[in-house]
Amino acid sequence: MTTAPAGVPPQPGSFTPAYPAVDLTTCEREPIHVPGAVQPHGALLAVERDTHRAVVASANAADLLGRAPEDVLGVHLADLVGEELAARVLDADARDNLDEALHARLDARGGPVDVDVVLHASGDRLVVELEVLGPQAAPVSYRATRGAVTRLAGTSGTRDLCAGLAREVRALTGFDRVMVYRFDAQWNGEVVAEERREDLNTFLGLHYPASDIPAQARRLYTLNWTRLIADVDYTPSPLVPLLDPGTGAPLDLSHSVLRSVSPIHLEYLRNMGVAASMSVSLVVEGRLWGLVACHHYSGPHRPGYDARSAAEFLAQTASQLIGERVRSQERDEALAAQELLSDVLTTVAASAREPLATLVGDGRLPDLLDAGGVAAWDGHRLLTSGRVPPWASLQRIAALLARADGAPTFTDHLAALSPGLAEVADRAAGALRVGLDGDGWLLWLRPEQPRVVDWGGDPRNAEIAEAEGPRVRISPRKSFEKWREVVRGRSTPWRPWHATTADRLRAQVAGIMLGRSRGQIAIAESLQRAVVLDEAPRVPGVDLLARYHPAEGGQLGGDWWDVLPLAPGRVAVVVGDVAGHGVHAAATMAQLRTALRAYLLEGHSPASALNRLDTLVATLLGSQTATAVVVVVERAEDGGWGDADQVVVEVASAGHPTPLLVSAAGASPLPAAPRPMLGLGFGPATGVPGESVRTAVPAGAVLLMYSDGLVERRDASLDQTTAVLAAAAADAVSGLAPGTPGTPSGGPMSGVADRLLTAVHGDAGDDTTLVLVRPHPGRWAGPLEDGGDGGGGSPAHRPGAGRR
């Protein structure tokens, strides 16, 4: 069922648009781009672009064209408006030149009338709007428009420009009041300029809530720059039929100059005492910046299409000038900040102190972004300058604004993100964050900036009515008396150049810190060379191959791997990972490797050795943690690998990724009793298994040991990435001939390793270690041999040399 807008009688043989019962959400939900009607000072035809026959028409088109309603639909355009005008319309459509209005004279029922013909495309329809010239449709000369543009360009500052725009539009259109209305970040509006009849009260400086212009109306303002309501008491002329017979949908009138207006908005205007209105959009860099709002109080008012087009042209010119002036102001502010940034960084680079401490201690960091205080966290300590909230609040703010890539994020209303932060608004109502290396961050903090706002009516009316319940009918507000409010809890807004400057600072400080750490990196590399084997040793009866890639940025010190002979026919293979990077991690790695070797050589099982290593880490290395997996490969008990189809491995793991057993049957995890990572102080007395798990391994199978850098990815779970690795390993190993003797560097085993290093897509961001162990039938004799290309050994990548 459809209902007509208020005051519009149903018309026989036509559909009228449906308007829902009015409630709090009506304005936000109203489909104002498909009203199904036009304003009556013009008529509308929608014609097929191929046949040029009318498929939709406004009901009043019959009067203007001298035909009965049933004689308009299906008729060729030339038979409706005449051959000459139809030819001009179709020529404009063929040349895709629909922007310029045509002037013509039509033979209407009441006699010849002059019309402006305005064209636009709506889907597959060419919409022809015929607007009868009114008494106020005086032509506008090019010279007058050019003069207005020159005067606008000669203004200084955005407010002066807006004041000039209001004057020029009022002179062009003759409205009683012309205002320039600017939106803020929350879409509340402020009247920043006004030209009015002398007897009218001023609206200058008044604010209006975002609910006065709902989102879908703002969207239309960016599509169609000008909207005229010639008479708020008009009776709409419905479209016939309401639904386009070719599409089954209402005709989209987003670009129509005659589009009928929401009855809710008309009621709003009547409540303000407005008899006619016009608005022109101000769009800066594709975003609705504001409106030129025109009101008339002394009766209907309809400026001609030429005058409205000239006003739109002035608004477009003003939009460009506003954009240029905003960008110019931001450039000046950004250049000043860049000069200060250069001075601060020069001080930091010249100081022998730690860079971040020097940066915060300099005292000028808050001034860089017009902030009240700065806080920095390097992962271990907090540094502050200026007025900042307590540590708990800083942690909360940093977490709320965190981004994985550390890029700048900011807000001027922290309490909107976490209401509890309202308590610290006197020091931090707004914040801008950038990430530093690791878990570090840098925060600029701004206190609240209370401001007095004069509203055109109480903006809380909708909130009050909502609290009264859904049965209350919400009409457009009737009170526009000035209502004063003190807005609290917000800081001054951040500008884009603030984020750009902060990001530059982050990059420069990172460079300084990297330069300072080169010496530490050299020490870490030396320690790591002493711990991580440069190349896999030769083991009779076992093919070994290892790969190591340092973390992103070349940081060293996390992963290690080791091969240790225990007795004839037994060899231990270890992969470990120390938390962190750099000198501290490399030194920890050296201690763990040495201790683990000692425990294994004393005859302890892999599980027992890891239990003792856990105690060592927990008691002697403070808060340091690590993971490790130990696999001992030994000959079968039937007399040697030469006569056996299987070997035995003994496995124990402390929080480390489980090795994979890869054979012709596929890839599966090696059984290993789980225990927590090293450094937590767990052992047999706490229920952690003290025994290793022994597993038979078929001849020709390959053991894949690795660190978490091979499978950890930000955008996928470990189960997913481990499954990808297992599938790739099974496929790669299946290509190895089962009887292939020890493969030299660059041979088949090397190809398997290279495939597995790239099997899981994405950036690991951490050290990556991969070790392949392939028990091989043959003589188990002789000592372990260091280096060489035999026995399947392939050089691991040296730190700073072949490492990638």
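Please read these numbers as outputs of a predicted model, since none were measured by experiment.

Asker: What exactly am I supposed to notice about the overall build of the chain here?
Answerer: Summing up its helical and strand segments, the chain has 20 helices and 30 strands in all. Per-residue burial for the chain yields a buried fraction of 52% across its 804 residues. Long-range contacts, defined as pairs at least 24 residues apart, comprise 70% of the intrachain contacts of the chain with a sequence gap of at least 6. With the model as given, the accessible surface of the chain reaches about 35,500 Å², and the carbon-plus-sulfur share is 52%.

Asker: Please explain the packing of aromatic side chains as it appears in this structure.
Answerer: Counting across every chain of the model gives 4 aromatic pairs. When the ring of Tyr181 is compared with that of Phe183, the centres are 5.5 Å apart and the planes differ by 90 degrees; the resulting orientation is edge-to-face. With relative accessibility at 8%, the residue Tyr181 sits in the buried group. Note on Phe183: relative accessible area 9%, which makes it buried. Feature note: the residues Tyr181, Phe183 and Trp187 constitute an aromatic cluster, connected by ring pairs. Sitting over the ring of Phe203, Arg177 keeps its end group 3.8 Å from the ring centre.

Asker: Hey, could you run me through the packing of helix 5 (residues 142-153) against helix 6 (residues 158-173) in this one?
Answerer: Helix packing geometry: the angle between the two helix axes and the distance between the axes. Their axes nearest at 9 Å, the elements helix 5 and helix 6 cross at an angle of 160 degrees. Comparing the axis directions of helix 5 and helix 6 gives the class roughly antiparallel. The two elements helix 5 and helix 6 cross, and the hand of that crossing is right-handed. Contact residues: helix 5 offers Ala148, Arg151 and Leu152, while helix 6 offers Leu161, Gly164, Leu165 and Glu168. In terms of residue class, the contact of helix 5 with helix 6 is built from 4 nonpolar, 1 polar and 2 charged.

Asker: So what exactly am I meant to see when it comes to the sheet that holds strand 15 (residues 382-386) here?
Answerer: Sheet strands pair by backbone hydrogen bonding; their relative direction is either parallel or antiparallel. Ordered by their spatial adjacency, 5 strands build an open sheet running 15-14-18-17-16, and the pairing between neighbours is antiparallel. Sheet topology places strand 15 and strand 16 (409-411) at the edges, where each strand pairs with a single neighbour. Averaged over all adjacent pairs, the angle separating strand axes in this sheet is 10 degrees, with direction ignored. Its contacts with the sheet place helix 12 (residues 391-400) against strand 14 (373-377), strand 15, strand 17 (430-435) and strand 18 (441-446), and it is angled at close to 105 degrees to strand 18.

Asker: Whenever I open this one, the layout of surface pockets confuses me. Can you help?
Answerer: A volume near 1,400 Å³ is recorded for the second largest pocket. As for the second largest pocket, its lining consists of 38 residues, and the residues nearest its centre are Arg182, Phe183, Asp184, Ala185 and Arg495. Those elements giving two or more residues to the lining of the second largest pocket turn out to be helix 6, strand 7 (177-183), strand 8 (189-196), strand 13 (287-296), helix 9 (305-350) and strand 16. Sort the elements by how many residues they give to the lining of the second largest pocket and helix 9 lands first, with 6 residues.

Asker: Even after reading the chapter, I still don't get the side chain of Ser279, so can you show me in this structure?
Answerer: Of note, Ser279 is situated in strand 12 (residues 276-284). What Ser279 contacts, discounting residues up to four positions off in sequence, is Tyr221, Trp225, Thr226, Arg227 and Val292.

Asker: Can you help me understand helix 8 (residues 263-271) in this one?
Answerer: Because each turn of an α-helix spans 3.6 residues, side chains separated by three or four positions end up pointing in the same direction. Ile264, Leu266, Tyr268 and Leu269 are the residues of helix 8 that are buried. Between the side-chain oxygen of the N-cap and the backbone nitrogen of Ile264 there are 3.0 Å, and the N-cap of helix 8 in question is Ser262. One or two steps after helix 8, the chain reaches Gly273, where phi turns positive at roughly 80 degrees.

Asker: Which parts of the structure should I look at to understand the pattern of salt bridges?
Answerer: A side chain of one charge can pair with a side chain of the opposite charge when the charged atoms of the two come close. The full count for this structure, using the stated rule, is 31 salt bridges. A salt bridge links Arg125 to Asp244, with the shortest nitrogen-to-oxygen separation between them at 2.7 Å. Within this pair, whereas Arg125 is found in strand 6 (residues 125-132), its partner Asp244 is found in the loop between strand 11 (237-240) and helix 8, the two being separated by 119 residues in sequence. Exposure remark for Arg125: the relative accessible area of 9% places this residue in the buried category. With its nearest N and O atoms 3.5 Å apart, the salt bridge here joins Arg427 to Asp426. Taken together, the salt bridges that share partners define one network made up of Arg570, Glu634, Glu650 and Arg694.

Asker: Just to check I follow, could you spell out the nonpolar core for this structure?
Answerer: When a protein is soluble and globular, its nonpolar side chains tend to lie buried together. Among the nonpolar cores identified, the biggest contains 30 residues, and Leu45, Val81, Val89 and Val117 are the most heavily contacted of them. Of all the secondary-structure elements, those providing two or more residues to this core are strand 2 (42-48), strand 3 (54-58), helix 2 (61-65), helix 3 (77-81), helix 4 (83-94), strand 4 (102-108), strand 5 (111-122) and strand 6. Setting aside its immediate chain neighbours within four residues, Val81 contacts Leu45, Leu65, Ala86, Leu106 and Leu130.

Asker: Any chance you could explain the confidence of the model for the chain here in plain terms?
Answerer: Any segment with low pLDDT has predicted coordinates that should not be analysed in fine detail. Across the chain, the average pLDDT comes to 78, with 79% of residues at 70 or higher. Within the chain, strand 29 (residues 702-706) carries the highest mean pLDDT (93), whereas helix 14 (residues 461-468) carries the lowest (43).

Asker: I would appreciate a short explanation of the packing of helix 6 against helix 9 in the present structure.
Answerer: Interhelical geometry of helix 6 versus helix 9 gives an angle of 175 degrees and a closest axis separation of 10 Å. By the angle between their directions, the pair helix 6 and helix 9 is classed as roughly antiparallel. Between helix 6 and helix 9, the contacting residues are Thr158, Leu161, Leu165, Glu168, Val169, Leu172 and Thr173 on the first element and Ala307, Ala310, Ala311, Leu314, Ala315, Ala318, Leu321, Ile322 and Arg325 on the second. For the contact of helix 6 with helix 9, the residue count by class is 12 nonpolar, 2 polar and 2 charged.

Asker: Sorry if this is basic, but what is going on with a nonpolar patch on the surface here?
Answerer: Residues Met677, Leu680 and Phe682 make up a contiguous nonpolar surface patch of roughly 240 Å² in combined accessible area. Here Met677 falls in the partly exposed class, since its relative accessible area comes to 32%.

Asker: How should helix 5 be read in this particular structure?
Answerer: Taking 1.5 Å per residue, 12 residues should reach 16 Å; helix 5 reaches 17 Å between its end C-alpha atoms and fits that length. Every buried residue of helix 5 is listed here: Thr145, Ala148 and Leu152. Down the axis of helix 5, the sector holding all buried residues measures 60 degrees, keeping them to one side. For helix 5, exposure combined with an orientation more than 90 degrees from the buried face picks out Tyr142, Arg143 and Thr150. Elements that come into contact with the buried residues of helix 5 comprise helix 6 and helix 9.

Asker: Quick question: what am I supposed to make of the sheet that holds strand 26 (residues 660-663) here?
Answerer: Overall, antiparallel pairing links the 5 strands, which are arranged 21-30-29-26-27 in an open sheet. Each end of this open sheet is capped by a strand with a single partner; those strands are strand 21 (542-549) and strand 27 (666-669). For this sheet the average axis-to-axis angle between neighbouring strands, irrespective of direction, equals 20 degrees. Two strands pair when backbone bridges link them, and strand 21 and strand 30 (residues 768-775) are joined in this way by 8 bridges, in the antiparallel orientation. Looking at strand 30, one finds that His549 is bridged to Thr768.

Asker: Can you help me understand the pairing of strand 18 in this one?
Answerer: Along any regular strand, the residues point their side chains to alternate faces of the sheet. Burial runs high along strand 18: 6 of the 6 residues are buried. Across the two faces of strand 18 the burial is the same, with Trp441, Leu443 and Leu445 and Leu442, Trp444 and Arg446 all buried. With 5 bridges connecting them, strand 14 and strand 18 associate as antiparallel partners. Note that in strand 18 the partner of Ala375 across the bridge is Leu443.

Asker: Is there a simple way to explain the environment of Val38 in this structure?
Answerer: With respect to the helices, strands and loops of the structure, Val38 is situated in strand 1 (residues 37-38). For the pair Val38 and Ser256, spaced 218 residues apart in sequence, the C-alpha to C-alpha distance is 8.8 Å. Every residue in contact with Val38, bar those within four places of it in the chain, is listed here: Leu44, Ser58, Pro236, Ser237, Leu239, Leu253, Leu258, Arg259 and Ser260.

Asker: Any chance you could explain unusual backbone geometry here in plain terms?
Answerer: The phi angle of most residues is negative, glycine excepted, and most peptide bonds adopt the trans form. For the bond running from Val240 to Pro241, omega is -10 degrees, close enough to zero to count as cis. Tracing the backbone through its elements, the reader meets Pro241 in the loop between strand 11 and helix 8. Backbone geometry at His52 places phi at a positive 65 degrees, although glycine is not the residue there. Here His52 lies in the loop between strand 2 and strand 3. Of note in this structure, Trp187 is not a glycine but carries a positive phi near 70 degrees. Mapped onto the elements, Trp187 comes out in the loop between strand 7 and strand 8.

Reading guide: rules and limits
- Residues numbered from 1 in each chain as written.
- Predicted model: local features only at pLDDT ≥ 70, side-chain atom pairs only at ≥ 80, totals over all residues.
- Heavy atoms only, no water.
- Helix = DSSP H or I, 4+ residues; strand = E, 2+ residues; numbered from the N terminus.
- Buried < 20%, exposed > 50% of the residue type's maximum accessible area, 1.4 Å probe, protein only.
- Contact = heavy atoms within 4.5 Å.
- Areas by Shrake-Rupley, 256 points an atom, 1.4 Å probe, with all protein chains shown as cover.
- Phe/Tyr/Trp six-rings, centres within 6.5 Å; stacked < 30°, edge-to-face > 60°.
- Lys NZ or Arg CZ within 6 Å of the ring centre and 35° of its normal.
- Axes fitted to C-alpha atoms, helices over the stretch in contact; angles between N-to-C directions.
- Parallel < 35°, antiparallel > 145°, perpendicular 65-115°, else oblique.
- Left-handed = near helix turned anticlockwise from the far one by under 90°.
- Nonpolar A, V, L, I, M, F, W, Y, C, P; charged D, E, K, R; others polar.
- Pairing = 2+ DSSP bridges.
- 1 Å grid on protein atoms, 1.4 Å probe; cavity = no way out; pocket = protein on both sides within 12 Å on 5 of 7 lines; lining within 4 Å.
- Points joined across faces, edges and corners; volume = space filled by probe spheres on them.
- Polar contact = N/O pair within 3.5 Å; in protein donor to acceptor, adjacent residues only side chain to side chain.
- Salt bridge = Lys/Arg side-chain N within 4 Å of Asp/Glu carboxyl O.
- Core = buried A, V, L, I, M, F, W, Y, C linked by side-chain atoms within 4.5 Å.
- pLDDT = per-residue confidence, 0-100.
- Patch = residues over 30% accessible without salt bridge, like charges linked within 9 Å, V, L, I, M, F, W, Y side chains within 5 Å.
- Expected span 1.5 Å × (residues − 1).
- Arc of directions from axis to C-beta.

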